[in-house]
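# Results of the structural survey
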Amino acid sequence: MIRLVWCLVVLGMLSFGCKSSAPTEPPAVEQPAPLREVASFPVGVALQARRLSSAPHTRAAARTFSSLTAEYEMKMRPLSSGQGVYNWEAADDLVSWARAQGMQIHGHALLWHESVPAWVENFGGSDHEFEEAIKEYITTVVERYKDDVVSWDVVNEAFDNNSGALRNSVFQKRMGDDYLARVFQYARDADPDVLLFYNDYGATYDANKRRSILRMVDDFQSRGIPIDGVGLQAHVTYTFPPLTSIQAMMDSIVVRGLKVHLSELDVRVNPNGDLTTLTPARSQAQKERVRNIVTAFMALPQEHRFGITMWGLIDPESWLIEFWGNPEWPLLFDANVQEKPAYDGFLEALQGR
Ligand code: 9MR
């Protein structure tokens, strides 16, 4: 009995203590549900290794996303500063951080004409030696991350805009027009389990590029060259390209039995430069656009939904601002690492709302 009275007294003191301290605490802000907990497919984010030193970034990224892409560090130029010379540190930092958060890792990108180190660009040996060096690079990188990376963009942006012709990259020049097939095979030989993607932009609205990509897939499949999916970068605006053209390209990938990755999603709201701040109306339009794209993706058969990756975490760090020279707010989080209406659009689509 004495014990019961004592407990009641203590409980009373505790609740009184809570009540009296309540007014000094900031009101609890209710956070929306984490996308990774709601989605039935991986929801990813591209991060640079230097963001790992910012607690607000890592907290939001780990809470929200279930997949990580290195925005920079796993490309050839940063990874390899000389033939046989590898700089793993920054890539390793991202990989071990992602693993600690239970995130899967998408490798980006083994070959990209915009990330060619000087030793490759100015390679002094024969074409055969060039190809051996590229093969060695692919094998080394894929094998190193065998246990960590579930999927690789094997080649990024191999086709020209408008014409759809094979780009005259150093890879095409030194290895010939069939280099794509051979490098996909090298990646497969290095890891029989990793998923292999071709990744590009513009495939939803550039008819010739789309045709070239699909022709490459058909050709690979007819020859038994390994390919598991196509990454559509999805650098879109709030109005362009039309949803129907995004759906059509996704369907073309699905009918070929491959997986679809919306691999670099961001949604420009200021493509004409008419805004100096993000207006509520444009923010709402962005939310609807994100909702529509995610809804269209969710309509794909489950085994073809590889994932959706946002190309960056917070608006002011998006590559688009420098690239286009306009103020821009293309991502799901604002400068204060707070979820925007666009985040809610993503979430509502996942929830079927
Ligand atoms: O957003 C990336 C930026 O931080 C890098 O400096 C740049 C060069 O490595 O690459 C950007 O990402 C590109 C991606 O790798 C491929 N598709 C186009 C992206 C924007 O340029």
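Given the structure is predicted, the values throughout are model-derived calculations rather than measurements.

### As for the overall build of the protein chain
- In terms of regular secondary structure, the protein chain is built from 14 helices and nine strands.
- The buried share of the protein chain, taken over its 353 residues, is 53%.
- Long-range pairs, those at least 24 residues apart, make up 76% of the contacts in the protein chain with a sequence separation of at least 6.
- Carbon and sulfur atoms provide 53% of the accessible area of the protein chain, an area that totals close to 15,900 Å².
- Here the protein chain carries 33 positive and 45 negative side-chain charges, and the mean point of each set is 4 Å from the other.

### Some points on the side chain of E157
- With respect to the secondary-structure elements, E157 resides in the loop between strand 4 (149–156) and helix 8 (170–175).
- Look at E157: it is buried, it has no salt bridge, and the nearest opposite charge is R167 at 4.9 Å.

### Quick notes on the site of the ligand
- Taken together, the neighbourhood of the ligand is formed by 13 residues, with E71, K75, H108, E264 and W311 sitting nearest.
- Measuring from an oxygen atom of the ligand, one finds a side-chain N or O atom of K75 at 2.7 Å.
- In the model, an oxygen atom of the ligand is placed 3.0 Å from a nitrogen or oxygen of the W311 side chain.
- Coverage of the ligand by the protein amounts to 78% of the 460 Å² it exposes when considered alone.
- Residues belonging to the shell around the ligand are distributed by class as follows: four nonpolar, five polar and four charged.

### Some details on the nonpolar core
- Core analysis: the largest hydrophobic core is formed by 102 residues, its most contacted members being F171 and V183.
- In this structure F171 touches M76, L111, W112, H113, V116, V120, F130, I134, G176 and Y179, once residues within four positions along its chain are discounted.

### Quick word on the packing of helix 12 (residues 280–298) against helix 14 (residues 341–350)
- Put simply, helix 12 and helix 14 touch, their axes get as near as 7 Å, and they point 25° apart. It follows from the interaxial angle that helix 12 and helix 14 lie roughly parallel. In this structure, helix 12 crosses over helix 14, and the sense of that crossing is right-handed. Residues S283, Q286, K287, V290, R291, V294, T295 and M298 of helix 12 form the contact with helix 14, whose own contacting residues are P341, A342, D344, G345, F346, E348, A349 and L350.
- Across the contact of helix 12 with helix 14, the residue classes tally to eight nonpolar, four polar and four charged.

### Points about the pairing of strand 6 (residues 229–232)
- Both faces of strand 6 are covered, namely the face carrying G229 and G231 and the face carrying V230 and L232.
- In this fold, the crossover linking strand 5 (residues 195–200) to strand 6 by way of helix 10 (residues 207–223) has right-handed handedness.

### Points about the packing of helix 9 (residues 179–190) against helix 10
- Where helix 9 contacts helix 10, the axes come no closer than 11 Å and their chain directions differ by 60°. Taken as axis vectors, helix 9 and helix 10 run oblique relative to one another. When you trace helix 9 past helix 10, the crossing you get is right-handed. Between helix 9, through L180, A181 and F184, and helix 10, the contact on the second element is made entirely by M216, F220 and R223.
- Across the contact of helix 9 with helix 10, the residue classes break down as five nonpolar, no polar and one charged.

### Some thoughts on the environment of P32
- With respect to the secondary-structure elements, P32 resides in the loop between helix 1 (2–21) and helix 2 (35–38).
- A C-alpha to C-alpha distance of 7.6 Å links P32 and D344, two positions 312 residues apart in sequence.

### So, the packing of aromatic side chains
- Summed over the entire model, instances satisfying the criterion amount to 15 aromatic pairs.
- Relative to Y137, the ring of Y86 lies with its centre 6.0 Å away and its plane at 20°, an arrangement referred to as stacked. Placement of the pair is Y86 in the loop between helix 4 (76–79) and helix 5 (89–100) and Y137 in helix 7 (residues 127–144), with a sequence separation of 51 residues.
- When its relative accessible area of 18% is taken as the criterion, Y86 is described as buried.
- Geometrically, the ring pair formed by F197 and F306 is tilted, given 4.6 Å between the ring centres and 50° between the ring planes. On the criterion of sequence distance, the pair formed by F197 in strand 5 and F306 in strand 9 (residues 305–310) is long-range, its members being 109 residues apart. Each of the two residues, F197 as well as F306, counts as buried.

### Here we look at the pairing of strand 8 (residues 259–268)
- When you tally the buried positions in strand 8, you get nine out of 10 residues, the bulk of the element.
- As paired strands, strand 7 (residues 235–237) and strand 8 are joined by three bridges and run parallel to one another. Paired with T237 across the strands is R268, a residue of strand 8.
- Once the chain exits strand 7 it traverses helix 11 (residues 243–255) before rejoining the sheet at strand 8, and the crossover so formed is right-handed.
- With four bridges joining them, strand 8 and strand 9 adopt parallel strand pairing. Bridging from a neighbouring strand, L265 pairs with M310 of strand 9.

Parameters and conventions
- Residues numbered from 1 in each chain as written.
- Predicted model: local features only at pLDDT ≥ 70, side-chain atom pairs only at ≥ 80, totals over all residues.
- Heavy atoms only, no water.
- Helix = DSSP H or I, 4+ residues; strand = E, 2+ residues; numbered from the N terminus.
- Buried < 20%, exposed > 50% of the residue type's maximum accessible area, 1.4 Å probe, protein only.
- Contact = heavy atoms within 4.5 Å.
- Areas by Shrake-Rupley, 256 points an atom, 1.4 Å probe, with all protein chains shown as cover.
- Lys, Arg positive; Asp, Glu negative; His and termini not counted.
- Charge placed at Lys NZ, Arg CZ, Asp CG, Glu CD.
- Salt bridge = Lys/Arg side-chain N within 4 Å of Asp/Glu carboxyl O.
- Near = heavy atom within 4 Å.
- Polar contact = N/O pair within 3.5 Å; in protein donor to acceptor, adjacent residues only side chain to side chain.
- Nonpolar A, V, L, I, M, F, W, Y, C, P; charged D, E, K, R; others polar.
- Core = buried A, V, L, I, M, F, W, Y, C linked by side-chain atoms within 4.5 Å.
- Axes fitted to C-alpha atoms, helices over the stretch in contact; angles between N-to-C directions.
- Parallel < 35°, antiparallel > 145°, perpendicular 65-115°, else oblique.
- Left-handed = near helix turned anticlockwise from the far one by under 90°.
- Right-handed = clockwise from strand over helix to strand, strands pointing away.
- Phe/Tyr/Trp six-rings, centres within 6.5 Å; stacked < 30°, edge-to-face > 60°.
- Pairing = 2+ DSSP bridges.

Limitation: the analysis is restricted to geometry and does not speak to function.
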